Amino acid sequence: MGLYNKIKWVLGILLVFVLIVTTNLIDRNNFRRVKDSVESIYEDRLIANDLLFDLSQSIQEKELAVATNDSLFFERENITVNRHIEGLITRYEDTKLTRDEAIAFRTLKENLEELNQKEKQLKSVSGISNLTGEITDIKANLNELSKIQLTEGSRQMSISNRAMDTVELFTKIEIYLMVFLAIVIQIIVMYKPKSKED
């Protein structure tokens, strides 16, 4: 095998190697984006949505006590419910918050604090009905946060789908380029320059 043929082989193999490494790096980046998106959907959206549901249930307990003027609830059970709410708030803070979500969450915490202050000042059954406004505000906060979860989950799914479409496109391009390069390498290897004697 002559020097010219060796150079052709080396260049052909090098070209295939560079193509494979390049597409592998692109695919790895896209798979990382898909993985991050799926993790975000689970960790930051589904868990947060579950926490919001639990918060909503606790607020509904308070709302029921207000609607029925249940002073025993505020004397006995409210402390336990408030501790449960504090635990849920702490866990929610550990999720990755978007800018809009952080604003809505801060408002929720302020409204919960205001409700707690009014609950501490309760002196009679007639004062229980004064908590209705705070509970309504908190429910609105929870509703807003729930909508943010849906929007952000949808955005993360869109990122994941775009990354998968890119992976699929590059996979097709890679296959076509491999076929093309295989043909080019075959032509290079099979090609014999005309000798000067012809």
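Up top is the structure.
Computed from a predicted structure; not experimentally measured.

1. Brief notes about the overall build of the protein chain
Phase 1 of the analysis: Of regular secondary structure, the protein chain possesses four helices and zero strands.
Phase 2 of the analysis: Counted from the first residue to the last, the protein chain has its helices and strands arranged as α-α-α-α.
Phase 3 of the analysis: Contacts spanning at least 24 positions in sequence make up 79% of the contacts within the protein chain whose residues lie at least 6 apart.
Phase 4 of the analysis: Working note: accessible area of the protein chain is about 13,300 Å², and carbon and sulfur atoms make up 60% of it.

2. What to know about the nonpolar core
Phase 1 of the analysis: Leu55 and Leu108 are the most contacted members of the largest nonpolar core, which totals 26 residues.
Phase 2 of the analysis: Sorting the residues of this core by element identifies α1 (3-67), α2 (71-93), α3 (99-120) and α4 (132-190) as the ones contributing at least two each.
Phase 3 of the analysis: Apart from residues no more than four positions distant in its own chain, leucine 108 is found in contact with Leu55, Ile89, Ile138, Asn141, Leu142 and Leu145.

3. What about the packing of aromatic side chains?
Phase 1 of the analysis: The final tally for this structure, using the stated rule, is two aromatic pairs.
Phase 2 of the analysis: Here the aromatic rings of phenylalanine 73 and phenylalanine 74 are separated by 5.2 Å at their centres, their planes lie at 90°, and the arrangement is edge-to-face.
Phase 3 of the analysis: For phenylalanine 73, a relative accessible area of 4% corresponds to the buried category.

What counts, and at which threshold
- Residue indices begin from 1 for each chain and proceed along its sequence in written order.
- Local features in a predicted model are, by the rule used here, given only for residues with pLDDT of at least 70; side-chain atom pairs are given and counted only at 80 or more, and totals for whole chains, interfaces and linings are based on all residues.
- Excluded from the side-chain calculations are hydrogens and water; all other atoms, namely the structure's heavy atoms, are used.
- Counting from the N terminus, the helices are DSSP H or I runs at least four residues long and the strands are E runs at least two residues long.
- Two residues qualify as a contact provided that any one of their heavy atoms is within 4.5 Å of a heavy atom in the partner residue.
- Accessible surface area values rest on a Shrake-Rupley calculation with a 1.4 Å probe, where residue burial reflects the displayed protein chains alone.
- Residue types Ala, Val, Leu, Ile, Met, Phe, Trp, Tyr and Cys, when buried and joined through side-chain atoms within 4.5 Å, form a set referred to as a nonpolar core.
- Type-normalised accessible area, obtained with a 1.4 Å probe on protein chains alone, sets the label of each residue: buried when under 20%, exposed when over 50%, and partly exposed for intermediate values.
- Classification of ring pairs rests on two measures: the distance between centres of Phe, Tyr or Trp rings, Trp counted by its six-membered ring, which must be within 6.5 Å, and the angle between planes, read as stacked under 30 degrees, edge-to-face over 60 and tilted in between.

Nothing here speaks to function; it is all geometry.
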